[in-house]
Amino acid sequence: MDQPPLTKKVFFVMGTRPEAIKLAPAVEAARRHGSLTALLVSTSQHREMLRQALAPFGLTPDIDLDVMTANQTPARVAAEVLRRLEPHLERERPAWTVVQGDTTTALAAAWGSFYAGVPVAHVEAGLRSGRMDSPFPEEFNRKGVAVAASLHFAPTERARRHLLAEGAPDESIHVVGNTIVDAVHRIHAAGTPSGEAGGRTLVLVTLHRRESFGEPVRRVLEAIRELAREREGSVRIVYPVHPNPSVDRPAREILGGVPGVDLHPPLDYPDFLALFSRARLVLSDSGGVQEEAPSLGVPVLILRDVTERPEVVESGWGKLVGTDADLILAESRRLLDDETAWKAMTSGPNPFGDGKSGERIAELLATRP
Ligand code: UD1
Ligand code: UDP
């Protein structure tokens, strides 16, 4: 009698837009792999944005924990994920729980899996800013995940060194690149980037970090308003606004109706990448956007004081400008006006990977005991 094939069941747990985008290539590779059964578990820490991010990959959740509430706190998200994930872990007994990055979903799913005796694998392991307050609470979250994980998929050699320094065993760490490069290759049909948008130069903006809420967010938005004012008619600023009320409200207040600024709801990933690739520059505090910049050939001014992705600065593609309005304006003007400065930022290598990270992750999940 034929035996059913013996496959390892794997929970891919995700909650937010970037986790969906960065885990999708690993889920797809796991589904192509003969010896894995991939279950997609959504915490719905983000509700609309998670579905929106999964859609272009043709993925839908197998299990949905449905935790999102308006204006939620990380504590509530963590508590609900812990409580609602447990019965699924007990029922399915997966061989691995795979989490990604540094969100509260990643930490709570890793913590809950550890309690349930389910081994944890961490995608994008080993990023460190060296500051617990920035990004907040992500530095704490990713350190916590590393403690629970027994398999670490580091995107770069530097990330691997951080994990070794914190005592992770050498054989548990694998440098596989960042799955975001796979995602960009999969979704974005590469074309020649051009900074032009209907006769105007395109500037893209995203903003959402928790440590910037309040005055820093307002300073950034006021700098963008000033840039729009002085470049009216020649620059078009496109800003898909994150739905978190702490940024959505001030964004509408400060930039609503300003000529030259297009405020949008979050864009579908293919549309966002298409716009991104045509931008002259991007102003962003996003982790994913920093990593996509080299793939798309566009420089990024990073709206943070520190980055856990120093590779983007070292390779030339990114520059830290923080939330200081004068610095944001000065560096934006330089990239808009000075061709030599723009070229200097857009000629380095891509430090984040080769687009084959998902395959490596699937193979390691299948072969590691
Ligand atoms: C979260 C992550 C952050 C990640 C970011 C990606 C934590 C603590 N933060 O921050 O690391 O960089 O996602 O975007 O894990 N909302 C909606 N619809 C959605 C999504 C969010 O309305 O689809 C609104 C809700 O009011 C929600 C709020 O945004 O309460 C905040 O969401 P939350 O996930 O807690 O924080 P983010 O700022 O999105
Ligand atoms: N993104 C998107 N639509 C948008 C804005 C961003 O698809 O309107 C994508 C972007 O390309 C990147 C990811 O969302 O892959 C980044 O997510 P976010 O900035 O929310 O989180 P972070 O990366 O900072 O954790």
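Scroll up to find the structure.
Residues numbered from 1 in each chain as written. Chains lettered and ligands numbered in written order. Predicted model: local features only at pLDDT ≥ 70, side-chain atom pairs only at ≥ 80, totals over all residues. Heavy atoms only, no water.

Colleague: What is the right way to look at the nonpolar core in this model?
Modeller: Soluble globular proteins tend to pack their nonpolar side chains together in the buried interior. Phe12, Met14, Val98, Phe153, Tyr269, Phe276 and Leu365 are the most contacted members of the largest nonpolar core, which has 55 residues in total. For this core, the leading source of residues is helix 1 (residues 17-32), giving eight residues. Excluding residues within four positions of it along the chain, valine 98 makes contact with Val10, Phe11, Phe12, Val13, Leu23, Ala121, Val123 and Leu365. Residues Leu207, Val258, Leu283 and Leu335 belong to the second largest nonpolar core, which totals 31 residues. (Core = buried A, V, L, I, M, F, W, Y, C linked by side-chain atoms within 4.5 Å. Buried < 20%, exposed > 50% of the residue type's maximum accessible area, 1.4 Å probe, protein only. Helix = DSSP H or I, 4+ residues; strand = E, 2+ residues; numbered from the N terminus. Contact = heavy atoms within 4.5 Å.)

Colleague: How should the packing of aromatic side chains be read in this particular structure?
Modeller: Centre distance and the angle of the planes are the two values used to describe a pair of aromatic rings. Enumeration over the complete set of coordinates arrives at three aromatic pairs. Taking the centre distance of 5.9 Å and the plane angle of 70 degrees together, the rings of phenylalanine 272 and phenylalanine 276 count as edge-to-face. Highlighted residues: phenylalanine 272 and phenylalanine 276, both in helix 10 (residues 269-278), separated by four residues, approximately one helical turn. With respect to burial, phenylalanine 272 and phenylalanine 276 carry one shared label: buried. (Phe/Tyr/Trp six-rings, centres within 6.5 Å; stacked < 30°, edge-to-face > 60°.)

Colleague: Would you explain the site of ligand 2 in this entry?
Modeller: Neighbouring ligand 2 are 15 residues, the closest being Leu267, Ser286, Gly287, Gly288 and Glu292. Taking glutamate 292, its side chain carries an N or O atom lying 2.5 Å from an oxygen atom of ligand 2. Bound to the protein, ligand 2 loses 95% of the 540 Å² it would expose on its own. Those elements that provide at least two residues to the shell around ligand 2 are helix 1, helix 10 and helix 11 (287-296). When grouped by side-chain class, the residues that make up the shell around ligand 2 number eight nonpolar, four polar and three charged. (Near = heavy atom within 4 Å. Polar contact = N/O pair within 3.5 Å; in protein donor to acceptor, adjacent residues only side chain to side chain. Areas by Shrake-Rupley, 256 points an atom, 1.4 Å probe, with all protein chains shown as cover. Nonpolar A, V, L, I, M, F, W, Y, C, P; charged D, E, K, R; others polar.)

Colleague: Just to check I follow, could you spell out the site of ligand 1 for this structure?
Modeller: The full set close to ligand 1 counts 23 residues, and His46, Glu48, Thr69, Thr104 and Glu138 are the nearest of them. Contact between ligand 1 and histidine 242: an oxygen atom at 3.0 Å from a side-chain N or O atom of the residue. At a separation of 3.1 Å, an oxygen atom of ligand 1 approaches a polar side-chain atom of asparagine 244. Isolated, ligand 1 exposes 750 Å² of accessible area, and the fraction of that covered by the protein chains is 94%. Here the shell around ligand 1 is composed, by residue class, of seven nonpolar, eleven polar and five charged.

Colleague: Can you help me understand unusual backbone geometry in this one?
Modeller: With the exception of glycine, the majority of residues adopt a negative phi angle, and the majority of peptide bonds are in the trans configuration. Serine 134 connects to proline 135 through a cis peptide bond whose omega is -5 degrees. When you line up the elements, proline 135 lands in the loop between strand 5 (120-123) and helix 5 (138-148). The step from phenylalanine 136 to proline 137 runs through a cis peptide bond, and the omega angle for that step is 0 degrees. With respect to the helices and strands, the residue proline 137 is situated in the loop between strand 5 and helix 5. Positive phi is not limited to glycine here, since aspartate 66 has a value of about 50 degrees.

Colleague: What's the story with helix 8 (residues 215-230) in this structure? I'm lost.
Modeller: Note: α-helices contain 3.6 residues per turn, so residues at a spacing of three or four share the same orientation. End to end, helix 8 covers 23 Å across 16 residues, agreeing with the expected 22 Å (1.5 Å per residue, within 8%). Among all positions of helix 8, only Pro216, Val217, Val220, Leu221, Ala223, Ile224, Leu227 and Ala228 are buried. The buried residues of helix 8 occupy one face: seen down the axis, they fall within an arc of 155 degrees. Helix 8 presents Glu215 and Arg229 as exposed residues on the side facing more than 90 degrees away from its buried surface. Each element contacted by the buried residues of helix 8 is listed here: strand 9 (200-206), strand 10 (235-240), helix 9 (245-255), strand 11 (261-264), strand 12 (281-284) and helix 13 (325-337). (Expected span 1.5 Å × (residues − 1). Arc of directions from axis to C-beta.)

Colleague: I tried to follow a nonpolar patch on the surface on my own but got confused; where do I start?
Modeller: On the surface, Trp111, Phe114 and Tyr115 cluster together into a nonpolar patch covering about 400 Å² of accessible area. Note on placement: phenylalanine 114 falls in helix 4 (residues 104-115). (Patch = residues over 30% accessible without salt bridge, like charges linked within 9 Å, V, L, I, M, F, W, Y side chains within 5 Å. Salt bridge = Lys/Arg side-chain N within 4 Å of Asp/Glu carboxyl O.)

Colleague: Would you mind showing me how to read the sheet that holds strand 6 (residues 151-154) here?
Modeller: In a beta sheet, neighbouring strands pair by backbone hydrogen bonds and run either parallel or antiparallel. Read across the open sheet, the seven strands follow the order 3-2-1-4-5-6-7; overall the sheet is parallel. Edge positions in the open sheet fall to strand 3 (63-64) and strand 7 (173-175), since each of these has one partner strand only. In this structure, strand 6 lies alongside strand 7, joined through three bridges in parallel fashion. Looking at the pairing, histidine 152 lines up with isoleucine 173 of strand 7. Lying over the sheet, helix 6 (residues 157-165) contacts strand 6 and strand 7, oriented at roughly 170 degrees with respect to strand 7. (Pairing = 2+ DSSP bridges. Axes fitted to C-alpha atoms, helices over the stretch in contact; angles between N-to-C directions.)

Colleague: What should I look at first to understand the environment of histidine 174 in this one?
Modeller: Along the chain, histidine 174 falls in strand 7. When the C-alpha atoms of histidine 174 and proline 155 are compared, they prove to be 8.4 Å apart, with 19 residues separating the residues in sequence. Apart from residues lying up to four places away in sequence, histidine 174 is in contact with Leu151, His152, Phe153, Ala154, Leu364 and Arg368.

Colleague: Where do I start with the side chain of aspartate 182 in this structure?
Modeller: Take aspartate 182: it is sitting in helix 7 (residues 179-187). Buried within the structure, aspartate 182 lacks any salt-bridge partner; arginine 360 is the closest side chain of opposite charge, at an N-O distance of 6.5 Å. Contact partners of aspartate 182, with chain neighbours within four places excluded, come to Pro25, Gly355, Lys356, Ser357 and Gly358. (Lys, Arg positive; Asp, Glu negative; His and termini not counted.)

Treat this as a map of the structure, not an account of what it does.
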